[in-house]
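A look at the structure
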Amino acid sequence: MHAWPASEVPALPGKGRDLRIHDTATGGRITLDPGPVARIYVCGITPYDATHMGHAATYNAFDLVQRVWLDTKRQVHYVQNVTDVDDPLLERAVRDGEDWTELAERETALFREDMTALRMLPPRHYIGAVEAIPGIVPLVERLRDAGAAYELDGDVYFSVESDPHFGEVSGLDADAMRLLSAERGGDPERPGKKNPLDPMLWMAAREGEPSWDGATLGPGRPGWHIECVAIALDHLGMGFDVQGGGSDLAFPHHEMGASHAHALTGEHPFARAYVHAGMVGLNGEKMSKSKGNLVFVSALRRDDVDPAAIRLALLSHHYRSDWEWTAQVLADAVERLARWRAAVSRPDGLPADALVEEVREALADDLDTPAALAAVDRWAAAQTADGGTDEGAPGLVSRTVDALLGVAL
Ligand code: 5CA
Ligand code: ZN
């Protein structure tokens, strides 16, 4: 699949800083030390509805991770998937009497437009589940042949007990896992499973649903977790630097994915850090396609909201906190954008070298965007009050905000 166009990332003077980030698996902050090519996998959308502010906030967090790495002069190898076949997508297509491929293509196209408008850096490999199927089938066969998977009425399940590291990503106890598994696409109640938590790797063809050639597995379609594992192993390999997603992916998705990968390769870890963004809510509930309480990026764009203001609204919250989208959050961002634009539109200004370092330090400190924004606010306020004579300053601030925060002033 093609991704979306890249916006330029200006190079900044001086030296970028290594990222210290919260890792869900260790429950603490770790300093990432990627090689010259940093590797990141970010779970993509299931394209049955438009990009909402929750999605945008999560993709914003992982865009910042890359911007910090680019500032250290590393290259970034970024992979993202599109879950373009799965139960919720097929159910929505049936509900709306629409062809599921058309639904997926339309919503993926809209997602690309939203990501472009928000200046999110595109992945180098943007891979759909459907196009990954030929690579998924042999992995499931291998897991089965190695005794890490078993058949149940034609479906193939992964045995969580085959991975001694199972449970280390989310750190949850069995009861919590069972609850979340039922909520998030698992089927802990299905009789005949070795362990109620075992997730499906390959679902045998169902009447009226699309299916693909599964070689010795028989016709069917892939489970959700193996999709991301196949794509990540194909394009990044084991031990990549960051796997990212919203906190609702820690269990079961990232837990199961890590276990699949350990069982397949005999190596550990799958990702060096599992990084999770908080949930964005609306009117007291998590924004979600299934609940329908959504604010869409595309709807705001249609209402002529500047995408830079949307991005500033996302940046005004720490990525790990759960927060509420409100009209006030957007109004504050619109006002801040105007203030910053006024401050950088003067021909000269207050020296900004210290500001570059402050923004760098804030982001390196577990992507502390509220601190980064406060630093720019202080420079803009002082600039407006006193002005200054440094001719390079407004341009430097513009480039810093663009390169590190993805906001074009
Ligand atoms: N296709 C899978 C991942 S492989 C999936 O979870 N798709 S999704 O469309 O449901 O979500 C895409 C990303 O947005 C995921 O990282 C998810 O955790 C995140 N996300 C979904 N809802 C919210 C929300 N309300 N707030 C923050 N992030 C969210
Ligand atoms: Zn995923």
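Refer to the preceding data block for the structure.
This one's a predicted model, so the numbers in the text were calculated from it and none came from an experiment.

1. Let's talk about the site of ligand 1
Around ligand 1, the surrounding shell holds 24 residues, and the nearest of these are Gly 44, Thr 58, Thr 83, Asp 248 and Lys 289. In this structure, Thr 58 approaches ligand 1 through a side-chain N or O atom, which is 2.8 Å from a nitrogen atom. A distance of 3.0 Å is found between an oxygen atom of ligand 1 and a backbone nitrogen or oxygen belonging to Gly 246. Starting from 600 Å² of accessible surface for ligand 1 in isolation, the protein chains cover 94%. Put simply, the parts of the chain that give the shell around ligand 1 at least two residues each are helix 1 (53-71), helix 6 (224-235) and strand 10 (240-246).

2. A few points about the side chain of Glu 107
Relative to the elements of secondary structure, Glu 107 occurs in helix 3 (residues 100-117). Beyond its immediate stretch of four places on either side in the chain, Glu 107 contacts Ile 45, Pro 47, Tyr 48, Asp 49 and Ala 50.

3. Let's talk about the sheet that holds strand 13 (residues 285-286)
Sheet architecture is open: three strands sit in the order 13-12-14, paired in mixed fashion. The open sheet terminates on both sides in strands that have one partner only, identified here as strand 13 and strand 14 (323-324). In terms of strand pairing, strand 12 (residues 280-282) meets strand 13 through two bridges, oriented antiparallel. Residue pairing for strand 13: Gly 281 is matched across the bridge by Lys 286.

4. What to know about the packing of aromatic side chains
Inspection of the entire model under this criterion finds seven aromatic pairs. Considering the side-chain rings of Trp 4 and Phe 111, the 5.7 Å spacing of their centres and the 90 degrees angle between planes classify their relative orientation as edge-to-face. Remark: Phe 111 occurs in helix 3 and Trp 4 occurs in the segment before strand 1 (20-23); sequence separation between them is 107 residues. The pair Trp 4 / Phe 111 is uniform in exposure class, with both members buried. Plain terms: the ring middles of Phe 240 and Phe 270 are 4.9 Å apart, the flat faces sit at 85 degrees to each other, and that makes the pair edge-to-face.

5. Quick look at the pairing of strand 7 (residues 155-158)
By the alternation rule, side chains of strand 7 split into Asp 155 and Tyr 157 and Val 156 and Phe 158, which are all buried. Bridging between strand 6 (residues 149-152) and strand 7 involves four bridges; their strand directions are antiparallel. Counted as the bridge partner of Glu 151 is Val 156 from strand 7. Pairing of strand 7 with strand 8 (residues 200-204) involves two bridges; the strand directions are antiparallel. By the bridge assignment, Val 156 is partnered in strand 8 with Trp 202.

6. Things to note about the coordination of the zinc ion (ligand 2)
The protein atoms that coordinate the zinc ion (ligand 2) are Cys 43 (SG), Cys 228 (SG) and His 253 (NE2), at distances of 2.1 to 2.2 Å. Classification of the site at the zinc ion (ligand 2) as tetrahedral follows from its four donor atoms and the range of 102 to 120 degrees in their angles at the metal. Each donor residue of the zinc ion (ligand 2) lies on one chain, and together they are spaced C-x184-C-x24-H. Taken together, the positions of Cys 228 in helix 6 and His 253 in helix 7 (residues 250-265) put the pair 25 residues apart, joining distant regions of the chain. A relative accessible area of 2% means that His 253 is categorised as buried.

Basis of the calculations
- Residues numbered from 1 in each chain as written.
- Chains lettered and ligands numbered in written order.
- Predicted model: local features only at pLDDT ≥ 70, side-chain atom pairs only at ≥ 80, totals over all residues.
- Heavy atoms only, no water.
- Near = heavy atom within 4 Å.
- Polar contact = N/O pair within 3.5 Å; in protein donor to acceptor, adjacent residues only side chain to side chain.
- Areas by Shrake-Rupley, 256 points an atom, 1.4 Å probe, with all protein chains shown as cover.
- Helix = DSSP H or I, 4+ residues; strand = E, 2+ residues; numbered from the N terminus.
- Contact = heavy atoms within 4.5 Å.
- Pairing = 2+ DSSP bridges.
- Phe/Tyr/Trp six-rings, centres within 6.5 Å; stacked < 30°, edge-to-face > 60°.
- Buried < 20%, exposed > 50% of the residue type's maximum accessible area, 1.4 Å probe, protein only.
- Donors = N, O, S within 2.8 Å, 3.2 Å for Na, K, Ca; no water.
- Tetrahedral: all angles 85-135°; square planar, octahedral: opposite > 155°, others 65-115°.

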